[in-house]
Amino acid sequence: MYVSSTVYLVLDALGIIALRDDGSVVDKLVYDYDAQRIANMLNNIEVGKPTDELVGFINRLAKAGVSTVYVEHKELARNLTNIIKGIEIKAELPTKVGRLFREEFWSKYLKEIYGIEPIEYIKRVNEVSVIQTRLKLKQAAERRDLFIAQAINSVDDLDKVSNLVASRLREWYGIHFPELENLTRNNNEYAALVYKLGDRSNYTKSKIMEALPELGEERASRIAEAAAKSVGASIVEWDLQQIRSLAKLYLDMQTIRENLTEYIDDAMKDVAPNIRELAGSLLGARLIALAGSLMKLALMPASTIQVLGAEKALFRALRGRGRPPKHGVIFQYPDIFRAPRWQRGKIARALAAKLAIAAKADVFTGNFIAPRLKEEFMRRVQEVKTIYAKPPPRKPAAKPAAKPHGKPERKPGKK
Amino acid sequence: MSSVRAVDVKEHEKFKGVYWIEFEDGSTRLATRNLTPGKRVYGEQLINLGGVEYRVWNPYRSKLGAAIMNKLEVMPIGEGSKVLYLGAASGTTVSHVSDIVGLSGLIYSVEFSPRVFREFMQNIIDQGRLNVIPILADARYPEQYISLVKGVDVAYIDVAQPFQAKILADNADVYLVKGGYIILVIKAMSIDVTKEPSETFKREIDTIKERGFDIINMIHLEPYDVAHALVVGKRD
Ligand SMILES: C[S@@+](CC[C@H](N)C(=O)[O-])C[C@H]1O[C@@H](n2cnc3c(N)ncnc32)[C@H](O)[C@@H]1O
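Residues numbered from 1 in each chain as written. Chains lettered and ligands numbered in written order. Predicted model: local features only at pLDDT ≥ 70, side-chain atom pairs only at ≥ 80, totals over all residues. Heavy atoms only, no water.

Quick word on the overall build of chain B
1) Next: Along its length, chain B carries five helices and 12 strands.
2) Next: Out of the 236 residues belonging to chain B, those deemed buried represent 61%.
3) Next: Within chain B, contacts between residues at least 6 apart in sequence are counted, and of these 59% link residues at least 24 apart.
4) Next: As displayed, chain B offers around 9500 Å² of accessible surface, 50% of which is attributable to carbon and sulfur atoms. (Helix = DSSP H or I, 4+ residues; strand = E, 2+ residues; numbered from the N terminus. Buried < 20%, exposed > 50% of the residue type's maximum accessible area, 1.4 Å probe, protein only. Contact = heavy atoms within 4.5 Å. Areas by Shrake-Rupley, 256 points an atom, 1.4 Å probe, with all protein chains shown as cover.)

Thoughts on the overall build of chain A
1) Next: The secondary structure content of chain A amounts to 20 helices and five strands.
2) Next: Counting only residues that meet the buried cut, chain A has 45% of its 415 residues in that class.
3) Next: At a minimum sequence separation of 6, the contacts of chain A that also span at least 24 residues come to 60%.
4) Next: Accessible surface computed for chain A: about 22200 Å², of which carbon and sulfur atoms make up 53%.

As for the nonpolar core
1) Next: Counting residues in each nonpolar core, the largest one holds 82 residues, and the members touching the most others are A:Leu9 and A:Tyr121.
2) Next: The element contributing the most residues to this core is helix H4 (residues 164–175) of chain B, with seven residues.
3) Next: Among all residues touching A:Leu9, those that are not within four sequence positions of it are A:Ile16, A:Ile17, A:Ala18, A:Leu54, A:Phe57, A:Ile58, A:Leu61, A:Val69, A:Tyr70, A:Val71 and A:Glu72. (Core = buried A, V, L, I, M, F, W, Y, C linked by side-chain atoms within 4.5 Å.)

Comments concerning the site of the ligand
1) Next: Taken together, 17 residues lie near the ligand, and B:Tyr85, B:Thr93, B:Glu111, B:Asp138 and B:Ala139 sit nearest.
2) Next: In this structure, B:Thr93 approaches the ligand through a side-chain N or O atom, which is 2.6 Å from an oxygen atom. (Near = heavy atom within 4 Å. Polar contact = N/O pair within 3.5 Å; in protein donor to acceptor, adjacent residues only side chain to side chain.)

Side note on the sheet that holds strand E1 (residues 6–11) of chain B
Residue and element names in this part refer to chain B.
1) Next: What the five strands build is an open sheet, ordered E1-E2-E3-E5-E4; its pairing is antiparallel. Lying at the two open borders of the sheet, with one neighbouring strand each, are E1 and strand E4 (46–49). When strand polarity is set aside, the average angle formed by the axes of neighbouring strands in this sheet is 40 degrees. (Pairing = 2+ DSSP bridges. Axes fitted to C-alpha atoms, helices over the stretch in contact; angles between N-to-C directions.)

Side note on the interface of chain A and chain B
1) Next: Of the residues lining the interface, 35 residues belong to chain A; the matching set on chain B comes to 36 residues.
2) Next: Buried surface at the junction of chain A and chain B, summed over both partners, amounts to about 3200 Å²; 60% is from carbon and sulfur atoms.
3) Next: The largest contributions to the chain A side of the interface with chain B come from A:Arg102, A:Trp106 and A:Leu137, which together make up 19% of the buried area.
4) Next: The salt bridge partner of B:Arg118 is A:Asp270, with a shortest N-O separation of 3.3 Å.
5) Next: Here chain A is connected to chain B by 14 residue pairs in polar contact (both at pLDDT 80 or more).
6) Next: Of all the secondary-structure elements, those providing two or more residues to the side of chain A that touches chain B are helix H1 (35–46), helix H4 (96–103), helix H5 (105–114), helix H6 (118–142) and helix H12 (237–271) of chain A.
7) Next: Classifying every residue of the side of chain A that touches chain B by side-chain character gives 18 nonpolar, five polar and 12 charged. (Buried area = accessible area lost by both parts, 1.4 Å probe. Salt bridge = Lys/Arg side-chain N within 4 Å of Asp/Glu carboxyl O. Nonpolar A, V, L, I, M, F, W, Y, C, P; charged D, E, K, R; others polar.)

A look at the pairing of strand E12 (residues 228–234) of chain B
Each regular strand displays side chains that alternate between the two surfaces of the sheet.
Residues and elements named next belong to chain B.
1) Next: Counting buried positions along E12 gives seven out of seven residues, so the element sits mostly inside the fold.
2) Next: Of the two faces of E12, the one holding His228, Leu230, Val232 and Lys234 and the one holding Ala229, Val231 and Gly233 are both buried throughout.
3) Next: In the sheet, strand E10 (residues 176–187) pairs with E12 via seven bridges, with the strands oriented antiparallel. The residue of E12 that forms the bridge with Ile186 is Ala229.
4) Next: Across six bridges, strand E11 (residues 214–220) lies against E12 in antiparallel orientation. Its bridge partner being in E12, Asn217 is matched across the sheet by Val232.

Focus: helix H3 (residues 74–83) of chain A
Residue and element names in this part refer to chain A.
1) Next: Taken residue by residue, H3 has Leu76, Ala77 and Leu80 as its buried positions. Down the axis, H3 shows its buried residues gathered within 100 degrees of arc, on one side only. Across from the buried face of H3, at angles greater than 90 degrees, the exposed residues are Lys74 and Asn82.
2) Next: Buried residues in H3 make contact with strand E1 (6–11), H1, helix H2 (52–63), strand E4 (68–71) and strand E5 (88–91). (Arc of directions from axis to C-beta.)

Here's the deal with unusual backbone geometry
1) Next: Between A:Leu93 and the following residue, A:Pro94, the backbone shows a cis peptide bond with an omega angle of -15 degrees.
2) Next: Topologically, A:Pro94 is positioned in the loop between E5 and H4.
3) Next: Of note, the amide linkage connecting B:Glu222 to B:Pro223 takes the cis form, showing an omega dihedral of 0 degrees.
4) Next: By secondary structure assignment, the location of B:Pro223 is in the loop between E11 and E12.
5) Next: One non-glycine residue, B:Lys71, adopts positive backbone phi at about 70 degrees.

With respect to the sheet that holds E11(B)
Residue and element names in this part refer to chain B.
1) Next: Spatial strand order, E8-E7-E6-E9-E10-E12-E11: seven strands in an open sheet with mixed pairing. Each edge of the sheet is formed by a strand with only one pairing partner; in this case those strands are strand E8 (132–136) and E11. Averaged over all neighbouring strand pairs, the angle between strand axes comes to 15 degrees, with direction disregarded.
2) Next: When strand E6 (residues 82–86) meets strand E7 (residues 106–111), the two strands line up parallel, connected through five bridges. Looking at the pairing, Tyr85 lines up with Ser109 of E7.
3) Next: In the packing of helix H3 (residues 114–125) onto the sheet, the strands contacted are E7 and E8, and the crossing angle to E8 comes to about 165 degrees.

Focus on the pattern of salt bridges
Oppositely charged side chains may form a pair once their charged atoms are brought near each other.
All names here are of chain B.
1) Next: Scanning the model with the defined rule gives 41 salt bridges over all chains in all.
2) Next: Of the charged contacts, one joins Lys16 and Glu79 as a salt bridge, the two residues approaching to 3.9 Å between their closest N and O atoms. Here Glu79 lies in the loop between helix H1 (63–69) and E6 and Lys16 lies in the loop between E1 and strand E2 (18–23), a separation of 63 residues in the sequence.
3) Next: A relative accessible area of 54% places Lys16 in the exposed class.
4) Next: Taking relative accessible area as the criterion, Glu79 reaches 57% and is therefore assigned exposed.
5) Next: For Lys202, the salt bridge identified is with Glu199, shortest N-O distance 3.4 Å. Placement of both Lys202 and Glu199 in helix H5 (residues 199–210) is noted, with a separation of three residues, approximately one turn of the helix.
6) Next: In this structure, a network of salt bridges that share partners links the residues Lys166, Asp170, Asp173, Arg211 and Arg235.

What to know about a nonpolar patch on the surface
1) Next: Together, A:Ile119, B:Leu103 and B:Leu130 line one region of the surface with nonpolar side chains, adding up to about 310 Å² of accessible area.
2) Next: Relative to the assigned elements, B:Leu130 resides in the loop between H3 and E8. (Patch = residues over 30% accessible without salt bridge, like charges linked within 9 Å, V, L, I, M, F, W, Y side chains within 5 Å.)

Observations regarding the confidence of the model for chain A
Low-pLDDT stretches of the model should not have their predicted coordinates read in fine detail.
1) Next: When pLDDT is averaged along chain A, the result is 90; 94% of the residues meet or exceed 70.
2) Next: Counting contacts from residues 400–415 of chain A, a segment whose pLDDT is below 50, to residues more than four positions away or on other chains yields seven contacts. (pLDDT = per-residue confidence, 0-100.)

Quick word on the side chain of A:Asp270
1) Next: Along the chain, A:Asp270 turns up in helix H12.
2) Next: Setting aside residues no more than four positions away along its own chain, A:Asp270 makes contact with A:Ala141, A:Arg144, B:Pro114, B:Arg115 and B:Arg118.

Written out as structure tokens, the structure reads:
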């Protein structure tokens, strides 16, 4: 049936074409036009996974006596070879014939193969590629939420460990230079000075300024003075080395923490742009971590999101001890913790409601609707602030926070 | 944004689809005709003159814009051009190229970072630019988009990576038509006073030549961008 026993396959968005080495068409398979289905097929072909259509087409060529097929995709050719017997499948990029085909596609092959105008072809390819891209973007984001959860938990771990390290450092170095404790404002300043300057005798104003310019002249001279008059014990290099490496550890952990928060922010842009816009990337990441995954978060009712992170208080309340919590980790949101106590629950509820919608958008539609959600939330915050400007009259506590003595009540049937 | 009124528009002396907008204070700005009237891509100014909407092309944000400001001589992209654009990012330059090539042209836009491509989808696709084919893929592996891309008149690369010239030539071998053009944005100068071309730059230019292209135009982008040059090449 075919003149040539070697054919060149060219893959297209709307079909597959087999050509002879002079560029004439041997056979073609034009896909039924269904953009969604084609997008899925192309995403498979792209990573080298053969589709049923492609395998069927090559088998048809084999039956017709074709002995060798060239495909312009290495991985695809290899996988086809494993599936299809009785025909040799070779890979080359580009093939001479493929080049010719693409070169003359617009002027010749397009019309010949599909019988449609360029504008219609472009419209379809655009449609297909947009769906392909959206699918890929979704996949790219898919398990990244679990990375985000780990990353935010690492940030919390680092904070715990650095606090431990910092207090050990203060206690240890404090033997040598006890006055430094009250002259620094945070662990970072403390650790940087210990690491960079070491022995108390190095604390001259100019060296301090060089080590930590942000201290400013005035504080630098106060520290220098204190060093000169210090009542601390003297120390030798060998002892000092150990302390300095601890200070270094602290500083390194801070750098890692910074990198992690940057990573989280970038990843949140990718995975949960709506949640990020609404809650900020760190709080958003905490919610994902607490829920277990972005999908789980998206399936939660707003009332659950509102108390995520307050499970202890919630279970206590369920056991009849204390009031149910009004907010969990979303308390970290500035508009909530800065609000007067009696407004917090209301604002938390409003935020949780918007977050529930944002999470669903991030998982299911991918639409960026956060600006609208944020606006609606801000409006509600204003409303709460005006309507509930004054504290409510004190009412007697519904239940005492804890019974003065005796065992907590248990509801029958519940553990 | 300037509150100065635009008074006139002229087509660029050489390049069809590129315009100069004149303002009442005598200043002029580069612009393209908005393919999607009423819509902005990167916060650029929209200007209505004689019933046509133009988008001001900011040379500080787009290196192709900077090259035109600096008297680019050969601009292979015109109405109806088919372009393979590698390193599409969030679509700043692609948007102007899309204006220029119009609905009879086409831009295959390749970008491999999902994060920036999400923005691209919002800026370019959701805005209804039908002459753009988005491709989320790695330009180092042209076979990944073999099903989508057909012959192109111009292959453009701005991926901010070493070995761009090789990546571009590999793509051109597969997709560029005979007599087609290439455009590269290359990190050009060591930014110190000597203004010596960097080693990377020399290596990239050598690669282009070895792969059979003639360099026909080279434009430095200062003051809009101090570090890069735009290079136009051609292969017959
Ligand atoms: C300097 S930006 C491009 C800016 C854009 N050309 C413009 O003017 O609007 C470089 C882009 O290339 C992308 N990129 C880098 N390596 C790539 C590769 N191998 N394949 C595809 N894109 C790549 C980066 O993610 C980044 O978005």
